[in-house]
Amino acid sequence: MSESNLAARSDGLEGQVSGARVIAQALKTQDVNYMFGIVGIPVTEIALAAQEVGIRYIGMRNEQAACYAASAVGYLTGRPLIVIGGSSERSQETMGAFQEFPQVEACRLYSKFSARPSSIEAIPSIIEKAVRSSIYGRPGACYVDIPADFVNLQVNVNSIKYVECCMPPPISMAETSAVRMAASVIRNAKQPLVIIGKGAAYARAEESIRKLVEQCQLPFLPTPMGKGVIRDNHPNCVAAARSRALQFADVIVLLGARLNWILHFGLPPRYQPDVKFIQVDICAEELGNNVRPAVTLLGDINAVTKQLLEQFDKTPWQYPPESEWWKVLREKMKSNEALSKELASKKSLPMNYYTVFYHVQEQLPRDCFVVSEGANTMDIGRTVLQNYLPRHRLDAGTFGTMGVGLGFAIAAAIVAKDRNPGKRVICVEGDSAFGFSGMEVETICRYNLPIVLLVVNNNGIYQGFDAESWKEMLKFGDATTVAPPMSLLPQSHYEHIMTAFGGKGYFVQTPEELQKSLRQSLADTTNPSLINIMIEPQATRKAQDFHWLTQSNL
């Protein structure tokens, strides 16, 4: 029996099919396997229909977290991020209908494709174009708007023509002359550096990039989401000397990394005024942003890296491992690592960030997903918590928004359960960041996901106060007038949120308690857990050569 006939029979009307079923089947035909959302009028039936055709539906507690989860699945699987929203009935347009809003027009500013099908029959082609637009070129979100009256409207099953699944994205390659020029610039570099970005991870370019780095003996620096494309403990990784590497490199190869705020726009004083950038990117509009590159290589990161390798295969070349540049980088790495170890070894209580992350890193499975968000929690965690596999680190990235953590963790856990049973997800949250989407703990427990949540709790945003200081401060007035805006309630027991829904919760104040609770959490493969880790409220990062963001006067 054909899929369309099955759809018609399950709808309960012989020869008829509902709009909800057409949407679900069109998504399934385009190899969409996961759906995250919150049901309500008019989209409840779409979620039910999705389950009936074999799409896994994960009900979230907040639409924001659902979008974060969907975007993470898109990154992890290479499949699309499609936002499907319900809108008012067509007959009620301009009348002030329930939640009436020009959604298609609004979403055009933020998505690669935004459309509203003119009929149920048009839905399959609209879905196919949304999926294709989402994964072709630079990947991004697409929006499909569904009028409320379409959801339950029945049409003749024979009028629906499902569009065959779109082909995989075409692989584009850079101009040969540009590749030769890039190889020449690299050969003549005195202080080269490779920067590995999220685009390299998405392109699954890890094998070719590793070969390029090792064959040419180039130092490399991963961006936050580029961690793990080459393992963090690789001898050529200079992440521990990030500032020095960026500031004094004379040739920088950007592999799927943008010169945005994360890389300080490619401008002095973070970089040398005459540094030569070789940009490798799939998006033409990104080439030349903020700086004029020496060479631009437009194409798929994996394919272009292989083109570069061909040049170095024809004429072998290797950057001298004992050069002065390598000596400078290694000395800086050694001093920074020594400082981090000194901070981690402090015995005073409450603990600091480095002590916490040192003990966490000791127990982390090498193949686990690491999800992180927060201010110091995320920034310090990037330098201490290691990634050994590509696409196994998820954090706030370019937009730097808080609230991404639990949605990302849920997505990683769902994918892990399907593709790598037994693989763990470690979600490291600042206490402030956890507050953005803390109710997703219920989602984690409902689906029994293999997630260990670590809440690094300093009682505040950036910094907070201990309980005694908080009490003393309130003697001088109401909290709304005397408490600094970044302070949160001291000693909050976030672990109770996890136990409220059936998971395991731990409240820890010492390294020994942290070690024990983490060991128990990792050993427990049947329950998610949350470890609430109390640290020094005024703890901060080690001194930075350059501020990551504009600093507050506080």
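Check the entry above for the structure.
Residues numbered from 1 in each chain as written. Predicted model: local features only at pLDDT ≥ 70, side-chain atom pairs only at ≥ 80, totals over all residues. Heavy atoms only, no water.

Peer 1: Describe the packing of aromatic side chains, with residues and values.
Peer 2: For the structure shown, the criterion picks out five aromatic pairs. When the ring of Phe 434 is compared with that of Tyr 494, the centres are 5.5 Å apart and the planes differ by 70°; the resulting orientation is edge-to-face. Separated by 60 residues along the polypeptide, Phe 434 in helix H17 (residues 431-436) and Tyr 494 in the loop between helix H20 (479-482) and helix H21 (495-500) bring together distant segments of the chain. In this structure Tyr 494 comes out as buried when scored by relative accessible area, which is 15%. Taken together, the aromatic side chains of Phe 312, Trp 317 and Tyr 319 make up a single cluster linked through ring pairs. The ring of Tyr 388 is capped by Arg 366, whose NZ or CZ atom sits 3.8 Å from the centre of that ring. (Phe/Tyr/Trp six-rings, centres within 6.5 Å; stacked < 30°, edge-to-face > 60°. Helix = DSSP H or I, 4+ residues; strand = E, 2+ residues; numbered from the N terminus. Buried < 20%, exposed > 50% of the residue type's maximum accessible area, 1.4 Å probe, protein only. Lys NZ or Arg CZ within 6 Å of the ring centre and 35° of its normal.)

Peer 1: Give me the lowdown on the nonpolar core, citing residues and values where you can.
Peer 2: Counting residues in hydrophobic clusters, the biggest one holds 102 residues, and the most contacted among them are Phe 36, Ile 209, Leu 297, Ile 451 and Leu 453. Counting residues in each nonpolar core, the second largest holds 35 residues, with Ala 24, Ile 120, Ile 123 and Val 155 among its members. (Core = buried A, V, L, I, M, F, W, Y, C linked by side-chain atoms within 4.5 Å.)

Peer 1: Account for the pairing of strand S10 (residues 251-255), with residues named and values stated.
Peer 2: A regular strand places its side chains on the two faces of the sheet in alternate fashion. Most of S10 is tucked away, with five of its five residues classed as buried. Here S10 shows two buried faces, one formed by Val 251, Val 253 and Leu 255 and the other by Ile 252 and Leu 254. As defined by bridge partners, strand S8 (residues 192-196) adjoins S10 across five bridges and the pair is classed as parallel. Directly across from Val 194, in S10, lies its bridge partner Val 253. Pairing geometry for S10 and strand S11 (residues 276-281), over five bridges, is parallel. (Pairing = 2+ DSSP bridges.)

Peer 1: Describe the sheet that holds strand S13 (residues 369-373), naming the residues involved and giving the relevant values.
Peer 2: Pairing is parallel across the open sheet formed by six strands, whose spatial order is S14-S13-S15-S16-S20-S19. Looking at the sheet topology across the chains shown, the edges are occupied by strand S14 (393-395) and strand S19 (504-508). Strand-to-strand, the axes of this sheet are offset by a mean angle of 15°, without reference to chain direction. Where S13 and S14 come together, three bridges link them in parallel fashion. Note on S14: the bridge partner recorded for Val 371 is Leu 394. (Axes fitted to C-alpha atoms, helices over the stretch in contact; angles between N-to-C directions.)

Peer 1: Mind laying out the side chain of Arg 424, listing which residues take part and the relevant values?
Peer 2: Considering the arrangement of structural elements, one finds Arg 424 in the loop between helix H16 (404-419) and strand S15 (425-430). Within the buried core, Arg 424 has no salt-bridge partner, and the shortest N-O distance to an opposite charge, that of Asp 524, equals 6.6 Å. A distance of 3.4 Å separates a polar side-chain atom of Arg 424 from the backbone oxygen of Asp 524. (Lys, Arg positive; Asp, Glu negative; His and termini not counted. Salt bridge = Lys/Arg side-chain N within 4 Å of Asp/Glu carboxyl O. Polar contact = N/O pair within 3.5 Å; in protein donor to acceptor, adjacent residues only side chain to side chain.)

Peer 1: I'd like a rundown of the pattern of salt bridges, residues and numbers included.
Peer 2: Two side chains that carry opposite charge are able to pair once their charged atoms sit near each other. One pass over the structure, following the stated rule, counts 19 salt bridges. One salt bridge in this structure joins Lys 227 and Asp 232, with 2.5 Å as the shortest N-O distance. Among the residues examined, Lys 227 registers a relative accessible area of 6% and is labelled buried. In this structure, the salt-bridge partner of Glu 442 is Arg 446, at a minimum N-O distance of 2.8 Å. Separated by four residues within a single helix, Glu 442 and Arg 446 lie in helix H18 (residues 440-446), roughly one turn from each other.

Peer 1: Tell me what's going on with the packing of helix H2 (residues 19-29) against helix H3 (residues 44-52), and back it up with residues and numbers.
Peer 2: Relative to each other, H2 and H3 sit at 50°, their axes nearing to 8 Å. Here H2 is positioned oblique relative to H3, judged by the angle of their axes. Taken as a pair, H2 and H3 cross one another with a handedness that is right-handed. Contacts between H2 and H3 involve Ala 20, Arg 21, Ile 23 and Ala 24 on the former and, on the latter, Glu 45, Ile 46, Ala 49, Ala 50 and Glu 52. Across the contact of H2 with H3, the residue classes tally to six nonpolar, no polar and three charged. (Parallel < 35°, antiparallel > 145°, perpendicular 65-115°, else oblique. Left-handed = near helix turned anticlockwise from the far one by under 90°. Contact = heavy atoms within 4.5 Å. Nonpolar A, V, L, I, M, F, W, Y, C, P; charged D, E, K, R; others polar.)

Peer 1: Explain the sheet that holds strand S5 (residues 113-115) residue by residue, including any values.
Peer 2: Pairing within the open sheet is parallel, and its three strands lie in the order S4-S6-S5. In the strand order of this sheet, the two ends are held by strand S4 (82-87) and S5, each with one partner. Taken pair by pair, the neighbouring strands of this sheet meet at an average axis angle of 15°, ignoring direction. The sheet contact formed by S4 and strand S6 (residues 142-147) spans six bridges and is parallel. Looking across to S6, one finds that Val 83 is bridged to Tyr 143. Sheet strands in contact with helix H6 (residues 123-135) are S4, S5 and S6, and its direction is about 160° off that of S6.

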